[in-house]
Amino acid sequence: MQTKINSATKKPRANEKTSILAKAAVFSAIAYIVMLIEFPLPFAPAFLKLDFSDIPALIAAFAIHPVVGVLVQLVKNILHFITKTSTGGVGELGNFLVGASFVFVAGYIYRLNRTKKNALIGCIAATIVMTATAAIFNLLVLIPFYANIMPIETIVAMGSAITSKITDVNSLVLYGITPFNIFKGVVISGVTMYLYPKIRVLIK
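Residues numbered from 1 in each chain as written. Predicted model: local features only at pLDDT ≥ 70, side-chain atom pairs only at ≥ 80, totals over all residues. Heavy atoms only, no water.

Undergrad: Before we go on, may I ask you to explain the nonpolar core in this structure?
TA: Among soluble globular proteins, nonpolar side chains are generally buried collectively. Residues F27, L58, F62, F102 and V103 are the most contacted members of the largest nonpolar core, which totals 33 residues. Counting residues per element, the ones that place at least two in this core are α1 (2–35), α2 (54–63), α3 (66–84), α4 (90–112), α5 (116–147) and α7 (169–203). Looking at this core, the element that brings in the most residues is α4, giving 9 residues. The residues touching F62, leaving out its near neighbours within four places in the chain, are A106, G107, Y110, R114, A119, C123, T192 and Y196. Formed by 13 residues, the second largest nonpolar core is a distinct cluster that contains A44, L48, I143 and I166. (Core = buried A, V, L, I, M, F, W, Y, C linked by side-chain atoms within 4.5 Å. Buried < 20%, exposed > 50% of the residue type's maximum accessible area, 1.4 Å probe, protein only. Helix = DSSP H or I, 4+ residues; strand = E, 2+ residues; numbered from the N terminus. Contact = heavy atoms within 4.5 Å.)

Undergrad: Could you clarify how one ought to interpret the packing of aromatic side chains in this entry?
TA: How two aromatic rings sit relative to each other is set out by the distance from centre to centre and by the angle between their planes. A full pass over the atoms with the stated rule returns 7 aromatic pairs. On the basis of an interplanar angle of 45° and a centroid distance of 5.9 Å, the ring pair of F39 and F52 is categorised as tilted. Here the residue F39 occupies a position in strand β1 (residues 39–40), and F52 occupies one in the loop between β2 (49–50) and α2, the gap between them amounting to 13 residues. The class for F39 is partly exposed, based on a relative accessible area of 34%. (Phe/Tyr/Trp six-rings, centres within 6.5 Å; stacked < 30°, edge-to-face > 60°.)

Undergrad: What is the right way to read the confidence of the model for the chain from this model?
TA: For residues with low pLDDT, the predicted coordinates do not support detailed interpretation. Counting all residues, the mean pLDDT for the chain is 91, and 94% of those residues have values of 70 or more. Confidence over residues 1–10 falls short of pLDDT 50; this stretch has 0 contacts with residues more than four positions distant or in other chains. (pLDDT = per-residue confidence, 0-100.)

Undergrad: Any chance you could explain the layout of surface pockets here in plain terms?
TA: Unfilled space is identified by rolling a water-sized probe across the atoms. There is about 880 Å³ of room inside the largest pocket. Around the largest pocket sit 35 residues that line it, and F47, K49, G91, L142 and Y146 are the ones nearest its centre. Those elements giving two or more residues to the lining of the largest pocket turn out to be α3, α4, α5, α6 (152–160) and α7. The element contributing the most residues to the lining of the largest pocket is α5, with 7 residues. For the lining of the largest pocket, a count of residues per class yields 16 nonpolar, 11 polar and 8 charged. (1 Å grid on protein atoms, 1.4 Å probe; cavity = no way out; pocket = protein on both sides within 12 Å on 5 of 7 lines; lining within 4 Å. Points joined across faces, edges and corners; volume = space filled by probe spheres on them. Nonpolar A, V, L, I, M, F, W, Y, C, P; charged D, E, K, R; others polar.)

Following this line, the structure appears as structure tokens:
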């Protein structure tokens, strides 16, 4: 009898893990496909392009668990690295770190109290963290990496074409990359908060 009881209690846990992995796989596939659709913004340097692949990851973080959102970001970038990378994985690493910081912070805060207000607070905090993460990664890793491929003056000039305030790497991050990520965080948050209540029941 004891064996039967243990089996009965373990089976739902196994099914739950399988369900979570299946959902994570679906969200990862959607995120990867959406990642392929990107477009520039008129106020951002040409090398920065907006895509909406963080939305499936953020929905997964809200609906399932923040770690699942991070997992979606990881799988999405691994798939992109295998099929379409042009940076030897450096761009994908940056996309993962920036995106993972965003969905984990937003998902974690929302998980503390699952209300619309807390979701909004989570998205605001996540946008701040994502923007800071992107600034640090670009300064320390991404821009130095691209400087090995093209002159740093050329990279800075892409920002100068948008605003005369950009004259060096630091101002490029401050006036080019930072506003881009703030805008991205606002857009991703807004779309997610609109979609999530409509599909939450289907996900669960």
